[in-house]
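# Coordinate analysis (summary)
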Amino acid sequence: MKKHNFNAGPSILPREVIEKTAQAVLDFNGSGLSLLEISHRAKDFQPVVDESVALFKELLAIPEGYSVVFLGGGASMQFCMVPFNLLQTKAAYLNTGTWASKAMKEAKGFGEVVEVASSKAANFNYIPKDYVVPADADYFHITTNNTIFGTEILTDIDSPVNLVADMSSDIFSRPVDVSKYAMIYGGAQKNLAPAGVTFVIIKDEILGKVTRHIPSMLDYKIHIDNGSMYNTPPVLPIYSALETLRWLKSNGGVAEMEKRNIAKADLLYNEIDRNQLFVGTAAKEDRSRMNICFVMKPEYAELEDEFQKFASARGMVGIKGHRSVGGFRASTYNALPIESVQALVDCMQEFEKLKLS
Ligand SMILES: *Cc1c(COP(=O)(O)O)cnc(C)c1O
């Protein structure tokens, strides 16, 4: 049976990315050696990093004055690297979910942290909009897509201070005006590559402003100056990321991804709103295009397990909601074809007929 992969992360990648990665593991560039058994400093591997950086800059139209580096440690490592490198006295955070809360918690060890707004009291089902960012903050941190709660900031907001964004789960899903951000980072395993590599896009001029000692491995400047080769980088996920970036380019880039993602999200949200059995959990104006969360209507709550089994039997994978929201979450990342969303919609309609007629 065909599987429809709605996993939240690690998650679906384009089939050709997986095949090309598998090929490179068997024989890298016709060298007779595996990608896994060559030096990261080999002359064959440097072009992988160089092309990946170049494609990041091209696909996201990154302006002059920014660097792109690939690091280990996941997005969670950035929760501490950001304040380590950027927080001198005060930082502002918008608390829109579990990941935003974790980022904020780490920053508290480095200086004053101002939570400008939080939607925690509503189980993070919306993005707060009325808040003031202190003009004397060193930076303002946002999480553009809240993977767990299914809300997303779909515009590039204006910030009076350096804007830092965790884009782990929506990078490359739409065009972004990078010039509005001082830094964008994310774990690769949602929309880009297998787990193990983290991307960081950073405006060079914001570095070197804090007075504390920064250990080398946590210092952005060291990683930039060494072209992501200060230590052994995660070579396999970087290679897969390159293949995804090539796939993105040959599929029309982020503008085309945005079109496809809007079409997929509309298809599923329209069904959630139409179907008698289900209801969406996120505020309509803040609905994520990447992680679509819905639950059974209260009067049908007892049908949750049954629908889960019904959908699994029809090939749906990874639609169980995160425990902090319950119900269902369908992640509709770039690589997910609209046919999979249609299959889920068909499932929801069939189940409705079965129960209500
Ligand atoms: C998954 C996720 C993280 C955590 O990523 P790790 O690479 O596991 O540390 C952080 N932020 C967001 C928005 C995520 O979706």
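The model shown is predicted, which means the values in this text are computed figures rather than measured ones. The numbering scheme is per chain: residues are counted from 1 as the chain's sequence reads. Totals for whole chains, interfaces and linings use every residue, but because this is a predicted model, local features are given only for residues with pLDDT of at least 70 and side-chain atom pairs only at 80 or more, for both listing and counting. Only hydrogens and water are set aside when side-chain values are computed; all heavy atoms of the structure are taken into account.

This part is about the side chain of E271. Of note, E271 is situated in helix 7 (residues 253-274). The contact rule is simple, with two residues in contact once any of their heavy atoms fall within 4.5 Å. Filtering out sequence-adjacent residues up to four positions away, E271 remains in contact with V345, M348 and Q349. A run of H or I in DSSP becomes a helix once it reaches four residues, and a run of E becomes a strand once it reaches two; helices and strands are each numbered from the N terminus.

Right, let's talk about the environment of S101 for a bit. Looking at where S101 falls in the secondary structure, it is placed in helix 4 (residues 98-107). Placed 14 residues apart in sequence, S101 and E115 show a C-alpha to C-alpha distance of 9.5 Å. With sequence-adjacent residues up to four places away left out, S101 is seen in contact with N95 and F124. For this analysis, a polar contact is any N or O atom pair within 3.5 Å, provided that within protein one partner can donate a hydrogen and the other can accept it, and provided that sequence-adjacent residues contribute only side-chain to side-chain pairs. Side-chain polar atoms of S101 contact the backbone oxygen of G97, separated by 2.8 Å.

Moving on to helix 7. Here helix 7 spans 32 Å end to end across 22 residues, near enough to the 32 Å set by a 1.5 Å rise per residue. Each residue is assigned to one of three classes by its accessible area relative to the maximum for its type, calculated with a 1.4 Å probe on protein chains only: buried under 20%, partly exposed between the two thresholds, exposed over 50%. Every buried residue of helix 7 is listed here: G253, V254, M257, N261, K264, A265, L268, Y269, E271 and I272. For helix 7, the angular spread of the buried residues around the axis is 155°, confining them to a single face. Every exposed residue of helix 7 that faces more than 90 degrees away from the buried side is listed here: K259 and N270. Buried residues belonging to helix 7 abut helix 2 (46-59), helix 6 (235-250), strand 11 (278-280), strand 12 (291-296), strand 14 (328-331) and helix 9 (338-356). Every helix has an expected span of 1.5 Å times one less than the residues it contains. Within this analysis, the arc is defined by the directions that extend from the helix axis to the C-beta atoms.

In this section: the site of the ligand. Neighbouring residues of the ligand: 13 residues in total, closest S76, T147, D166, Q189 and K190. In this structure, A75 approaches the ligand through a main-chain N or O atom, which is 3.0 Å from an oxygen atom. One of the side-chain N or O atoms of S76 is found 2.6 Å from an oxygen atom in the ligand. Reported accessibility uses the Shrake-Rupley method at a 1.4 Å probe radius. Residues are deemed covered only where the shown protein chains occlude them. Considered on its own, the ligand offers 390 Å² of accessible surface; in the complex 87% of this is hidden by protein. No other element matches the four residues that helix 3 (residues 74-86) contributes to the shell around the ligand. Throughout, near means a residue has at least one heavy atom within 4 Å of the molecule or strand.

Attention now goes to the environment of M183. Here M183 lies in strand 9 (residues 183-187). When the C-alpha atoms of M183 and F149 are compared, they prove to be 23 Å apart, with 34 residues separating the residues in sequence. The residues contacting M183, other than those within four sequence positions of it, are Q78, V82, L86, L163, V164, A165, V200, I201, I202 and Y220.

Once that is clear, we can look at the sheet that holds strand 12. Reading across from one edge, 11-12-14 is the order of the three strands in this open sheet, with antiparallel pairing throughout. Of all strands in the sheet, those bounded by a partner on one side alone are strand 11 and strand 14. Here the strands of the sheet are splayed against their neighbours by 30° on average, with no regard to which way each runs. Relative to strand 12, strand 11 runs antiparallel, the two being bridged by three bridges. Opposite V279, over in strand 12, you have V295 as the bridge partner. What counts as an axis is a line fitted to C-alpha atoms, over the stretch in contact for a helix, and the angles between N-to-C directions run from 0 to 180 degrees. Its contacts with the sheet place helix 7 against strand 11, strand 12 and strand 14, and it is angled at close to 15° to strand 12. Strand pairing requires that DSSP identify at least two bridges connecting the strands.

With that settled, consider the pairing of strand 10 (residues 198-203). Taken across its six residues, strand 10 has five buried, putting it largely inside the fold. Relative to strand 10, strand 2 (residues 66-71) runs antiparallel, the two sharing six bridges. Counterpart to Y66 in the pairing with strand 10 is K203. Across five bridges, the pairing between strand 9 and strand 10 is antiparallel. When the bridges of strand 10 are listed, G187 appears paired with T198.

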